[in-house]
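A look at the structure
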Amino acid sequence: PACSCHRRRRECTGKDRPADTMLSAFATRIIVRRACPLICSTTPASRYSSSSTTNTSTPDGVTNGSYLKYSMMYHDSVAFLLSNQLGLPGRFVDGAKTPAQIANDLNLSVRGASAILVTLCRMDVVQVLQDSEESVDDIVYELTPSAREYLSDRDAGACFSPFVDTMTNNFTTPESLLECSRPEETKDLMSEHLEQSDEEVANNARHFMKHMNAQSFCCAKALPDVAGLRTVDKPTKLLDIGGGSAIYTIEAVKSNPNVSGIVFELPAIKSISEEYIDDAKLSDRIEVATGDFFTDSFPGPVDMVLFSNILHDWPDDTNLQLIEKAYDCLAPGGRIVISELLLSDDVKSSTVSATSINVIMLPYTKGRQYRPKELFRRLERAGFAQPHVKNLVDDYDFSSQPSHNTYYH
């Protein structure tokens, strides 16, 4: 039945509607096609009308909405991983497309293509070029500038797809997470790779370096400014521990003629690291020193030691030894630099990226993500002083500590 306000010809607030016509649902919108239609939504009402108010009928206004979100956001990741696997961003390089055109290109249903594109639009992979009042299936999409830069061209140095490939090929399911969370000691993927033959290590390293380059591209670009390397006015030598493709060292050396570098890598990796250095035309300013950072001393003396995504791979006692070795190889006044995704000191404020990679580390490595205060204690124990944290880029932090040495994270 129509509500009484309709008969009085005034705007409907829903208050006079009989209780049996009020709707609630998990749909984004339910439109009652009767007089004075009421729109009920599980998304915040303010997104649709500035005059709407949020339902606070639950105790203290608390709902289960956040748990609903966390239960389902898994599927957002699946949609993103699949779009990368299908090469969907590359399909927009030549121009805007509709879900029907993407469906035809990738042998998908229009319904499937549309659902994926709506998700990618929220993720800033695509954006709406031309909307449709009739259906989301008719929207015309185009790539966002960031997706054009980082997702559309697999041959580009900035392409993020190799990192996404790794997440797809080693997708963590609830079952696999449970298995690696049991108290029984299991061999992590990182340790397994180190026990392989030199040829196998080198082959795996090529893929892994592409993965790490994709992850570290923006961080490496930001390092010279955040670390103050761009403005040093005297010879400064950087030691990059387990530096792989030397992406950080290359950017540091390119930023200032006073900076030179050493990449410390396994003997089987040396020739691969040198390929990247040669491509950057920096072989006269960056050398590759070989050794095992678990058992060998670090080359020195140097002015800065860099650990980029190294400490989260290994247990705490190993990391303490690495930090002590860094202290020993530094010249007086030198600095230690650690680039990682940090958990927050209060844990609660940690970013999604930091908590996610902390879980991802379980099957891959023996390590975990640190909080700043935990690293500060370990660094001070080794002899470093006055640690501080700076943001490097996005969720990556960078922290620093002067005295005999300085720590950056």
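Scroll up to find the structure this text is about.
Below is a short write-up of the structure. (Residues numbered from 1 in each chain as written. Predicted model: local features only at pLDDT ≥ 70, side-chain atom pairs only at ≥ 80, totals over all residues. Heavy atoms only, no water.)

Structural notes on the side chain of serine 344
Note on placement: serine 344 falls in the loop between β9 (330–341) and α13 (352–364). Side-chain polar atoms of serine 344 contact the backbone oxygen of serine 349, separated by 3.2 Å. If sequence neighbours within four positions are ignored, serine 344 has contacts with Ser349, Ser350, Arg371 and Pro372. (Helix = DSSP H or I, 4+ residues; strand = E, 2+ residues; numbered from the N terminus. Polar contact = N/O pair within 3.5 Å; in protein donor to acceptor, adjacent residues only side chain to side chain. Contact = heavy atoms within 4.5 Å.)

As for the packing of helix α12 (residues 316–329) against helix α14 (residues 372–382)
Where α12 contacts α14, the axes come no closer than 9 Å and their chain directions differ by 50°. Considering their axes alone, α12 and α14 lie oblique with respect to each other. Seen along the crossing, α12 lies across α14 with a hand that is right-handed. Side by side, α12 and α14 meet where Asp316, Leu320, Ile323, Glu324 and Tyr327 of the first sit next to Arg378, Leu379, Arg381 and Ala382 of the second. For the contact of α12 with α14, the residue count by class is five nonpolar, no polar and four charged. (Axes fitted to C-alpha atoms, helices over the stretch in contact; angles between N-to-C directions. Parallel < 35°, antiparallel > 145°, perpendicular 65-115°, else oblique. Left-handed = near helix turned anticlockwise from the far one by under 90°. Nonpolar A, V, L, I, M, F, W, Y, C, P; charged D, E, K, R; others polar.)

A closer look at unusual backbone geometry
Each neighbour pair has its own omega, and for glycine 300 with proline 301 the value is 0°, a cis peptide bond. By the element assignment, proline 301 lies in the loop between β7 (286–290) and β8 (302–308). For lysine 281, which is not glycine, the phi torsion reads 60° and is therefore positive. Within the element layout of this structure, lysine 281 appears in the loop between α11 (270–279) and β7. The backbone phi angle of asparagine 309 is positive, close to 55°, even though this residue is not glycine.

A short note on the packing of aromatic side chains
Following the criterion strictly, the structure yields eight aromatic pairs and no others. With a centroid separation of 4.8 Å and an interplanar angle of 65°, the aromatic rings of phenylalanine 293 and phenylalanine 294 are classed as edge-to-face. Residue classification places phenylalanine 293 among the buried residues on the basis of a relative accessible area of 15%. Overall, phenylalanine 294 belongs to the partly exposed group, its relative accessible area being 31%. The structure contains a cluster of three or more aromatic residues connected by ring pairs, namely Phe264, Phe298 and Phe307. (Phe/Tyr/Trp six-rings, centres within 6.5 Å; stacked < 30°, edge-to-face > 60°. Buried < 20%, exposed > 50% of the residue type's maximum accessible area, 1.4 Å probe, protein only.)

Thoughts on a nonpolar patch on the surface
On the surface, a nonpolar cluster with roughly 460 Å² of combined accessible area is contributed by Tyr67, Tyr70, Met73 and Val352. Mapped onto the elements of the fold, methionine 73 is located in helix α2 (residues 65–86). (Patch = residues over 30% accessible without salt bridge, like charges linked within 9 Å, V, L, I, M, F, W, Y side chains within 5 Å. Areas by Shrake-Rupley, 256 points an atom, 1.4 Å probe, with all protein chains shown as cover. Salt bridge = Lys/Arg side-chain N within 4 Å of Asp/Glu carboxyl O.)

Considerations on the environment of aspartate 233
Mapped onto the fold, aspartate 233 is located in the loop between α9 (198–226) and β5 (236–241). Separated by 25 residues in the primary sequence, aspartate 233 and asparagine 258 have C-alpha atoms spaced 6.6 Å apart.

A look at the environment of leucine 238
By the element assignment, leucine 238 lies in strand β5. When its relative accessible area of 1% is taken as the criterion, leucine 238 is described as buried. Considered as a pair, leucine 238 and isoleucine 262 are 24 residues apart in the sequence and their alpha carbons are 6.2 Å apart. Once residues within four sequence positions are removed from consideration, leucine 238 is found in contact with Thr249, Ala252, Ser260, Gly261, Ile262, Met304 and Leu306.

Thoughts on the pairing of strand β6 (residues 259–265)
The element β6 is extensively covered by neighbouring structure, given that seven of its seven residues are classed as buried. Across the two faces of β6 the burial is the same, with Val259, Gly261, Val263 and Glu265 and Ser260, Ile262 and Phe264 all buried. Looking at chain direction, β5 and β6 are connected through six bridges and run parallel. By the bridge assignment for β6, aspartate 240 is matched with valine 263. Assessed by its sense of winding, the connection that carries the chain from β5 through helix α10 (residues 247–254) to β6 is right-handed. Two elements, β6 and β7, share five bridges in a ladder whose sense is parallel. Bridge pairing in β7 links isoleucine 262 to glutamate 287. (Pairing = 2+ DSSP bridges. Right-handed = clockwise from strand over helix to strand, strands pointing away.)

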